[in-house]
Amino acid sequence: VHIAASEWTDEDWRGKKMKQKNWVKCKNKLPEVDEDVLLCFDTGEDLINMAVGFLKEASDEGQHWCAYVDAGYYTDCDTAPSHWKSLPNNPIRHT
């Protein structure tokens, strides 16, 4: 998912608006290992990239970030996200 940087002001992205929307800076706190969360990557360019992913514990490598790519498959992230946020609950299915 790409969000044009013009839709976000510098204050939104790096300031109080991100806090109001429950974004957590990765340098302040990490999610639980293997918890699916929304990841936000500050590329420093005109786009802010987002993905659903998780923090993975690897005994030989320590912790690293992974993002889902398709149908439950995932890949290692090339860079660490700057922020993360919990996913909402799944919708209730009516039968």
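Residues numbered from 1 in each chain as written. Predicted model: local features only at pLDDT ≥ 70, side-chain atom pairs only at ≥ 80, totals over all residues. Heavy atoms only, no water.

1. Some points on the nonpolar core
- By size, the foremost hydrophobic cluster in this structure holds 7 residues: Cys26, Val37, Leu39, Phe41, Leu55, Trp65 and Trp84.
- Sorting elements by how many residues they give to this core places strand E3 (residues 37-42) first, with 3 residues.
- If near-sequence neighbours (up to four positions away) are discounted, Val37 is found in contact with Pro31, Ala51, Val52, Gly53, Trp65, Trp84, Lys85, Ser86 and Leu87. (Core = buried A, V, L, I, M, F, W, Y, C linked by side-chain atoms within 4.5 Å. Buried < 20%, exposed > 50% of the residue type's maximum accessible area, 1.4 Å probe, protein only. Helix = DSSP H or I, 4+ residues; strand = E, 2+ residues; numbered from the N terminus. Contact = heavy atoms within 4.5 Å.)

2. Quick notes on the pairing of strand E5 (residues 62-70)
- Relative to E5, strand E4 (residues 47-58) runs antiparallel, the two being bridged by 6 bridges. Note on E5: the bridge partner recorded for Leu55 is Trp65.
- Where E4 folds back onto E5 in an antiparallel hairpin, the turn is made up of 3 residues.
- Two strands pair when backbone bridges link them, and E5 and strand E6 (residues 73-76) are joined in this way by 4 bridges, in the antiparallel orientation. (Pairing = 2+ DSSP bridges.)

3. Examining the pairing of E3
- As defined by bridge partners, E3 adjoins E4 across 6 bridges and the pair is classed as antiparallel. Bridge pairing links Asp42 to Ile48 in E4.
- The antiparallel hairpin formed by E3 and E4 contains 4 residues in its connecting segment, where Gly44 sits at a positive phi of about 75°.
- As paired strands, E3 and strand E7 (residues 83-86) are joined by 4 bridges and run antiparallel to one another. Looking at the pairing, Leu39 lines up with Trp84 of E7.

4. Remarks on the environment of Asn49
- Take Asn49: it is sitting in strand E4.
- Between the C-alpha atom of Asn49 and that of Pro81, which follows or precedes it by 32 residues, the distance is 9.1 Å.

5. Considerations on the confidence of the model for the protein
- Here the protein shows a mean pLDDT of 81. Residues at 70 or above account for 78%.
- Averaged over each element, pLDDT in the protein is lowest for strand E1 (residues 2-4) (44) and highest for E7 (95). (pLDDT = per-residue confidence, 0-100.)

6. Brief notes about the packing of aromatic side chains
- Applying the stated rule across the entire model yields 2 aromatic pairs.
- Taken together, a centroid distance of 5.3 Å and an interplanar angle of 45° make the contact between Phe54 and Tyr68 tilted. One end of the pair, Phe54, is in strand E4; the other, Tyr68, is in strand E5, and 14 residues separate them in sequence.
- A relative accessible area of 32% places Tyr68 in the partly exposed class.
- A centroid spacing of 4.9 Å and a plane angle of 80° characterise the contact between Phe54 and Tyr74, whose relative ring orientation is edge-to-face. With Phe54 in strand E4 and Tyr74 in strand E6, this residue pair connects regions lying 20 residues apart in the sequence.
- The buried category is assigned to Phe54, whose relative accessible area is 4%. (Phe/Tyr/Trp six-rings, centres within 6.5 Å; stacked < 30°, edge-to-face > 60°.)

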